[in-house]
Amino acid sequence: MLTVNKDVFICDSARPILGRCTLSLNELLSNNKTFKLQPSSIKINSRAFLRFQKVSIDEPATFLDYIVGGIKINLVVAIDFTSSNGDHRYSSSLHYNNPNVENSYQKAISSVGKILEAYDYDKKFPVYGFGAKFNGVLSHVYPLNNDHKNPEVTGVDGILTAYSQTMNSIELYGPTNFSPIIDHTAQKIRSELDAGNNMVYYVLLIITDGVITDMQSTVRAIIRASSLPLSIVIVGVGDADFTNMHELDADDVPLTDGSSQMESDIVQFVVMKDFQTEYSKYLLPKKVLEEIPDQFLGYMRRNGIRPRSPINNEIVQLIDKSYKINNDYDNSGSVSGTRDDDIPPAYSAEPLQQEIRKF
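Reading the values: the criteria
Residues numbered from 1 in each chain as written. Predicted model: local features only at pLDDT ≥ 70, side-chain atom pairs only at ≥ 80, totals over all residues. Heavy atoms only, no water. Helix = DSSP H or I, 4+ residues; strand = E, 2+ residues; numbered from the N terminus. Buried < 20%, exposed > 50% of the residue type's maximum accessible area, 1.4 Å probe, protein only. Contact = heavy atoms within 4.5 Å. Areas by Shrake-Rupley, 256 points an atom, 1.4 Å probe, with all protein chains shown as cover. Salt bridge = Lys/Arg side-chain N within 4 Å of Asp/Glu carboxyl O. Core = buried A, V, L, I, M, F, W, Y, C linked by side-chain atoms within 4.5 Å. Pairing = 2+ DSSP bridges. Right-handed = clockwise from strand over helix to strand, strands pointing away. Axes fitted to C-alpha atoms, helices over the stretch in contact; angles between N-to-C directions. Parallel < 35°, antiparallel > 145°, perpendicular 65-115°, else oblique. Left-handed = near helix turned anticlockwise from the far one by under 90°. pLDDT = per-residue confidence, 0-100. Phe/Tyr/Trp six-rings, centres within 6.5 Å; stacked < 30°, edge-to-face > 60°. Nonpolar A, V, L, I, M, F, W, Y, C, P; charged D, E, K, R; others polar.

Undergrad: Looking at this structure, how should I read the overall build of the chain?
TA: A tally of helices and strands in the chain yields 11 helices and 14 strands. Split into buried and exposed, the 359 residues of the chain put 48% on the buried side. Taking the contacts inside the chain whose residues are at least 6 apart along the sequence as the reference set, 71% of them involve residues at least 24 apart. Counting only carbon and sulfur atoms, one obtains 48% of the accessible surface of the chain, whose full area is about 18300 Å².

Now the structure itself:
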C-alpha cells in the first residue's frame, strides 16, 4: 500500500510541529479531505487537523499516448554514396545488389523503416543521397527521386526502389559530410513549427560506411538541431573504424563547440557489423531505435506539449494487441521484449502497419 507521511508545521522555527498523520492513497482520493493530526507532544492541542483542498493523480504521458493521439512521426533517410563504398558492380562493394541477399544498406533501411512506417499515416518518406555526383554535380543533399520540390517516396519499398535505381545513374565520390542533411532536415522542421504544427516529430536515418570528414560542422549542426523535435539515427555499415563516431552519440558527454552546448541528446549511433548473427539481427531495430521514445518524450515535456485524445479507439486496441503479441513472443524465450512505452520491435511492426492502413 502506498502511504503518504505528512508533518505539518509552521514556517516560523519558534513554533512547534502541530502533528502528524499517515494516509493511504485511497484515503487521499476519498471524499473525506480532512484528517485528524496526531499531536507530536502532549503539550500540543489534539484538535489540530489537516485539510486537502484538492487531490489528483497526474500520470506522465507515454510515447504511445502521443501516437494514438495522432502525432506524426516522419522518417527522413540519407544514404552514403561516397567512393569508399566500392564500385556497386562488384560483390566487394557495400552497395552491391544481390537479388538473393540484402546488402547492409538495404538491411538498415528495412529494419528501421518497417517499424517507423507503421506510425506514419501517409507513408511518405523523403530519401536523399550524399557524397556522390548526381547528374554530374556533387551533392550532399540530393533527392533520390530527382524531385527537389517533392523528395518523398511511398513506403519502405519506395525507399528501397529509389536506392536501387540510383546506383545506375551516379558517380560515387566524396567526401563524407553529414552537416548538410542535418541542416536541411532541421530547416524543414522549423518551417513546420513556424506554421503552427507542433504535433510532429522527425527521425533522420543516416546510413554511412565511414567516418565523417566534417566533424566540427556536424557537431555544430547537431547542437543547433538539439532543441527541435528530432532524433538522428546513424547506422555504420562495413568494416571501417567508427571509434570517433561515438563522440556524436553524446550519451555521457554533451556535444559542445566551445561556445554552445546541445540542449538534449538526439543522436543514436549503431555499428551494423555487431548484429550479423541470426539471433542478433532481431535486436538491431531495437538497438537502433531504443533511445527515440526518451528523446521524443523529453522534447514534448520540455515544451509542455501534451498528447491529444485518441483519434481512433480501434487503433489503441491494435497497439495493445501488438504488445500482447510481443509478450507472447517473449515468453517463448526467442527474443527479448520492450518496455511499455518503447517502439515495438520489427517482428510486430508489419501486422500493426497493415491494420492501421485500414483506417
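Undergrad: I'm lost on the pattern of salt bridges in this one. Help?
TA: When the charged atoms of two side chains lie near each other, side chains of opposite charge can form a pair. Evaluation of the coordinates by the stated rule reveals 5 salt bridges. Notably, a salt bridge pairs Asp-87 with Arg-89, separated by 2.6 Å at the nearest N-O pair. Since its relative accessible area comes to 59%, Arg-89 is described here as exposed.

Undergrad: When you look at the nonpolar core in this model, what are you seeing that I'm missing?
TA: Side chains of a nonpolar character, in soluble globular proteins, are inclined to be buried together. Judged by nonpolar contacts, the single largest core of 55 residues is most densely connected at Ile-79, Phe-81 and Phe-296. Formed by 35 residues, the second largest nonpolar core is a distinct cluster that contains Met-215, Ala-221, Ile-234 and Ala-250.

Undergrad: Can you help me understand the pairing of strand E13 (residues 230-236) in this one?
TA: Each regular strand displays side chains that alternate between the two surfaces of the sheet. Of all 7 residues making up E13, 7 are buried, and the element is well covered by its neighbours. Side-chain alternation along E13 places Leu-230, Ile-232, Ile-234 and Gly-236 on one buried face and Ser-231, Val-233 and Val-235 on a second face that is also buried. Pairing analysis gives 7 bridges linking strand E12 (residues 200-208) to E13, with the strands arranged parallel. Paired with Ile-207 across the bridge in E13 is Val-235. As a crossover connection, the stretch from E12 through helix H6 (residues 215-225) into E13 is right-handed.

Undergrad: Whenever I open this one, the packing of helix H5 (residues 179-194) against H6 confuses me. Can you help?
TA: A packed helix pair is summarised by two numbers, namely the angle formed by the two axes and the spacing between the axes. One way to put it is that H5 packs onto H6 with a least axis distance of 9 Å and a crossing angle of 15°. For the element pair H5 / H6, the angle class is roughly parallel. Taken as a pair, H5 and H6 cross one another with a handedness that is left-handed. For the pair formed by H5 and H6, the contact residues are Ser-179, Ile-182, Asp-183, Ala-186 and Arg-190 on the first element and Ser-217, Thr-218, Ala-221, Ile-222, Arg-224 and Ala-225 on the second.

Undergrad: What's the story with the sheet that holds strand E11 (residues 170-172) in this structure? I'm lost.
TA: Adjacent strands of a sheet form backbone hydrogen bonds with each other and so pair up, either parallel or antiparallel. Read from one edge of the open sheet, 3 strands run E8-E7-E11, paired in antiparallel fashion. Both outer strands of the open sheet, strand E8 (137-139) and E11, are each paired with one neighbouring strand and no more. Pairs of neighbouring strands in the sheet enclose a mean axial angle of 35°, with direction left out of account. Pairing of strand E7 (residues 132-134) with E8 involves 3 bridges; the strand directions are antiparallel. The partner of Ala-132 across the bridge, within E8, is Ser-139.

Undergrad: How should I be thinking about the confidence of the model for the chain in this particular structure?
TA: Keep in mind that low pLDDT regions are not for reading the predicted coordinates in detail. Per-residue confidence for the chain averages 81 on the pLDDT scale, and 80% of its residues sit at or above 70. Confidence drops under pLDDT 50 across residues 325-359; counting only partners more than four residues distant or on other chains, this segment forms 75 contacts.

Undergrad: Just checking my understanding: could you explain the packing of aromatic side chains for this structure?
TA: Between two aromatic rings, the relevant description is the distance of the centres plus the angle of the planes. Within the structure shown, the criterion is met by 10 aromatic pairs. On the basis of an interplanar angle of 75° and a centroid distance of 6.1 Å, the ring pair of Phe-35 and Phe-52 is categorised as edge-to-face. One end of the pair, Phe-35, is in strand E3 (residues 34-36); the other, Phe-52, is in the loop between strand E4 (49-51) and helix H2 (63-68), with 17 residues separating them in the sequence. Using a relative accessible area of 9% as the deciding quantity, one classes Phe-35 as buried. Note on Phe-130 and Phe-178: the rings are 5.8 Å apart at their centroids and 85° apart in plane angle, and the pair reads as edge-to-face.

Undergrad: Honestly, the environment of Asp-87 in this entry has me stumped. Any pointers?
TA: By secondary structure assignment, the location of Asp-87 is in the loop between strand E5 (72-80) and helix H3 (104-116). Among the residues examined, Asp-87 registers a relative accessible area of 28% and is labelled partly exposed. Separated by 84 residues in the primary sequence, Asp-87 and Glu-171 place their C-alpha atoms 9.3 Å from one another.

Undergrad: Explain the packing of H3 against helix H4 (residues 155-166) to me, please; I cannot follow it from the model alone.
TA: At a minimum axis distance of 9 Å, the contact between H3 and H4 shows a crossing angle of 160°. Our classification of the angle between H3 and H4 gives roughly antiparallel. Note that H3 runs across H4; the crossing there is right-handed. Of the residues in H4, those touching H3 at Tyr-105, Gln-106, Ile-109, Ser-110, Gly-113 and Lys-114 are Val-156, Ile-159, Leu-160, Tyr-163 and Ser-164. For the contact of H3 with H4, the residue count by class is 6 nonpolar, 4 polar and 1 charged.

Undergrad: It is not clear to me how H6 should be interpreted in this structure. Could you clarify?
TA: Among the residues of H6, Met-215, Thr-218, Val-219, Ala-221, Ile-222, Ile-223 and Ala-225 are the ones counted as buried. Tucked into the core, H6 has its buried residues touching H5, E13, helix H7 (246-249) and strand E14 (267-271).

Undergrad: What is the right way to read the pairing of E14 from this model?
TA: Among the 5 residues in E14, 5 count as buried, and that is most of the element. Burial along E14 is two-sided: the residues Val-267, Phe-269 and Val-271 and Gln-268 and Val-270 are all buried. The pairing of E13 with E14 spans 5 bridges and is classified as parallel. Looking at the pairing, Gly-236 lines up with Val-271 of E14.

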